[in-house]
Amino acid sequence: MIYMDNASTTVVDKEAFDMAKKYLFENYANPSSSYSMANDVKADMEDARDMIADILGARYNEIYFTSGGSESNNWAILKSCELMENKGKHIISSKIEHHSVLHTLSYLEKKGYEVTYLSTDEKGIIDINELKSAIREDTVLISIMFANNEIGTIEPIKEIGKIAREHNILFHTDAVQAVGHLPIDVNELNIDLLSASGHKFHSPKGVGFLYIRSGIKLTSLIHGGSQERNRRAGTENTFGIVAMANAMKNCYEHLKEYNIQMQTLRDELLSLILKNIEGSHLNGCMHNRLSNNINIYFENINGELLLILLNQNGVCASLGSACTTGSIDPSHVIMAISNDKKRASSSLRLTLSKYTTKDEVNTTFEVLKKCINQLRK
Ligand SMILES: *Cc1c(COP(=O)(O)O)cnc(C)c1O
């Protein structure tokens with residue numbers, strides 16, 4: 001199988017796994033216990049927190065470990081609204097957020113909140129002027145994703161952060177697709193809350209973190225023990241946390257190199273497709289785009305049938321968000337950028353990783369061409 005679905009999840013970094021596996025088999029102590037075996041795990045977990053904070057320009061006590069992107073998004077949004085409820089009940093977000101943001105927002109709408117969903121241009125970029133004019137006296141939170149999971153579009157985070165700060169509004173970003181791929185400095189970008197998930201950058205599934213700027217007194221989403229400085233109860237995923245920090249470090253130590261490598265292969269695959277497969281069009285933006293993302297509209301192709309054929313021919317791909325699979329709803333992201341139902345149900349996402357090879361790219365193209373021809377016959 002050729003794995004071209006790295007926006008869904010990624011293979012675990014072998015070196016990061018090797019560094020962390022001792023927390024499964026040797027030092028499996030609960031970090032909250034009081035013997036030295038536990039103190040050692042605790043110390044290593046704090047080192048992991050330090051490593052992550054360093055990469056983001058944050059302080060170690062601003063990083064909170066969670067179970068992943070969905071929990072971090074839920075926590076950030078639900079609890080920042082609760083924190084600010086005396087100021088108002090208006091939130092600004094966008095139409096192209098991940099479902100873990102959109103569904104949290106619709107939950108809040110049922111509780112009396114009002115949400116403005118910013119539209120985007122045909123490339124998937126929000127309009128800064130629309131954002132400015134959406135701000136009201138009672139706006140308490142702006143939640144805009146760093147990079148889109150379906151079309152890879154990178155949003156103008158620095159400008160959004162600046163506007164949020166000028167208006168004294170909390171700014172949360174779902175950076176699940178950005179961490180491990182883009183340089184991020186939470187201070188330069190004026191980010192107050194940032195969600196990340198390890199399994200999108202080569203650590204195991206079920207671990208992530210939320211950056212909370214110090215001074216923002218978010219209360220717990222998960223109640224129980226006093227872990228994470230009393231803000232996130234539950235015995236820590238020590239193995240996952242250490243693996244995540246090391247996987248993240250390995251992405252950032254060679255960030256430029258990996259991005260150039262992925263972009264070169266991505267651009268090769270993209271131009272092979274656009275040149276040789278009739279009626280194929282890129283979705284999204286060529287420039288403000290994650291280096292590993294391709295999302296293509298194939299005219300007169302049923303996306304779900306294409307996915308099945310690709311699978312039969314050994315290529316793992318996606319229609320966009322994994323959460324959409326199995327439901328008949330066309331991608332909300334492609335709908336938002338094109339308002340074209342046909343396009344939304346005839347688009348395919350291929351996402352590379354730092355481990356993707358040239359051979360895999362060539363085979364993917366050959367298989368794709370064959371499958372498209374077969375479907376069009
Ligand atoms: C994958 C993803 C999530 C959810 O992360 P999990 O760790 O799988 O819960 C949230 N936002 C975006 C943009 C994602 O790509």
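Residues numbered from 1 in each chain as written. Predicted model: local features only at pLDDT ≥ 70, side-chain atom pairs only at ≥ 80, totals over all residues. Heavy atoms only, no water.

### A closer look at the pattern of salt bridges
Inspection of every chain in the model, using the stated rule, returns 18 salt bridges. In this structure, the salt-bridge partner of R59 is E62, at a minimum N-O distance of 3.9 Å. Judged by relative accessible area, which is 3%, E62 ranks as buried. For R266, the salt bridge goes to D267, with nearest N and O atoms at 2.7 Å. Accessibility expressed as a relative area gives 1% for R266, which makes it buried. (Salt bridge = Lys/Arg side-chain N within 4 Å of Asp/Glu carboxyl O. Buried < 20%, exposed > 50% of the residue type's maximum accessible area, 1.4 Å probe, protein only.)

### Quick notes on a nonpolar patch on the surface
Residues Y28, Y35 and M37 make up a contiguous nonpolar surface patch of roughly 340 Å² in combined accessible area. Following the sequence through the fold, Y35 ends up in the loop between α2 (22-25) and α3 (36-56). (Patch = residues over 30% accessible without salt bridge, like charges linked within 9 Å, V, L, I, M, F, W, Y side chains within 5 Å. Areas by Shrake-Rupley, 256 points an atom, 1.4 Å probe, with all protein chains shown as cover. Helix = DSSP H or I, 4+ residues; strand = E, 2+ residues; numbered from the N terminus.)

### Observations regarding the side chain of T66
Mapped onto the fold, T66 is located in strand β2 (residues 63-66). One polar contact links the side chain of T66 to the main-chain amide nitrogen of G68, over a distance of 3.2 Å. Apart from the residues within four sequence positions on either side, T66 is in contact with E71, S72, W75, G206, V207, G208, F209, L210 and R232. (Polar contact = N/O pair within 3.5 Å; in protein donor to acceptor, adjacent residues only side chain to side chain. Contact = heavy atoms within 4.5 Å.)

### Observations concerning the sheet that holds strand β10 (residues 293-298)
What links the strands of a sheet is backbone hydrogen bonding, and the strands pair in either a parallel or an antiparallel sense. Here we have three strands laid out as an open sheet, ordered β9-β10-β12, and antiparallel in their pairing. Each end of this open sheet is capped by a strand with a single partner; those strands are β9 (280-282) and β12 (347-351). Averaged over all pairs of adjacent strands, the angle between their axes in this sheet comes to 30°, without regard to strand direction. Inspection of the sheet shows β9 paired to β10 by three bridges, in the antiparallel sense. Considered in β10, the bridge of H281 is made with Y297. (Pairing = 2+ DSSP bridges. Axes fitted to C-alpha atoms, helices over the stretch in contact; angles between N-to-C directions.)

### A short note on the site of the ligand
The environment of the ligand is made up of 14 residues, and the closest members are S70, D174, Q177, S197 and K200. D174 places a side-chain nitrogen or oxygen 2.7 Å from a nitrogen atom of the ligand. Here an oxygen atom of the ligand and a side-chain polar atom of Q177 are 2.7 Å apart. Notes on the ligand: free accessible area 380 Å², of which the protein chains cover 86%. Among the residues making up the shell around the ligand, the classes are represented as two nonpolar, ten polar and two charged. (Near = heavy atom within 4 Å. Nonpolar A, V, L, I, M, F, W, Y, C, P; charged D, E, K, R; others polar.)

### Observations regarding the packing of aromatic side chains
Enumeration over the complete set of coordinates arrives at two aromatic pairs. Where F17 meets F239, the ring centres are 5.8 Å apart and the plane angle is 85°; that geometry is what we call edge-to-face. Of this pair, F17 sits in helix α1 (residues 14-20) while F239 sits in helix α9 (residues 238-253), and the two are 222 residues apart along the sequence. According to the relative accessible area criterion, F17 is partly exposed, its value standing at 29%. Here the aromatic rings of Y64 and W75 are separated by 5.8 Å at their centres, their planes lie at 85°, and the arrangement is edge-to-face. Highlighted residues: Y64 in strand β2 and W75 in helix α4 (residues 69-83), separated in sequence by eleven residues. Overall, Y64 belongs to the buried group, its relative accessible area being 4%. Against the face of Y64 rests R229, its NZ or CZ located 4.4 Å from the ring centre. (Phe/Tyr/Trp six-rings, centres within 6.5 Å; stacked < 30°, edge-to-face > 60°. Lys NZ or Arg CZ within 6 Å of the ring centre and 35° of its normal.)

By themselves these figures say nothing about function.
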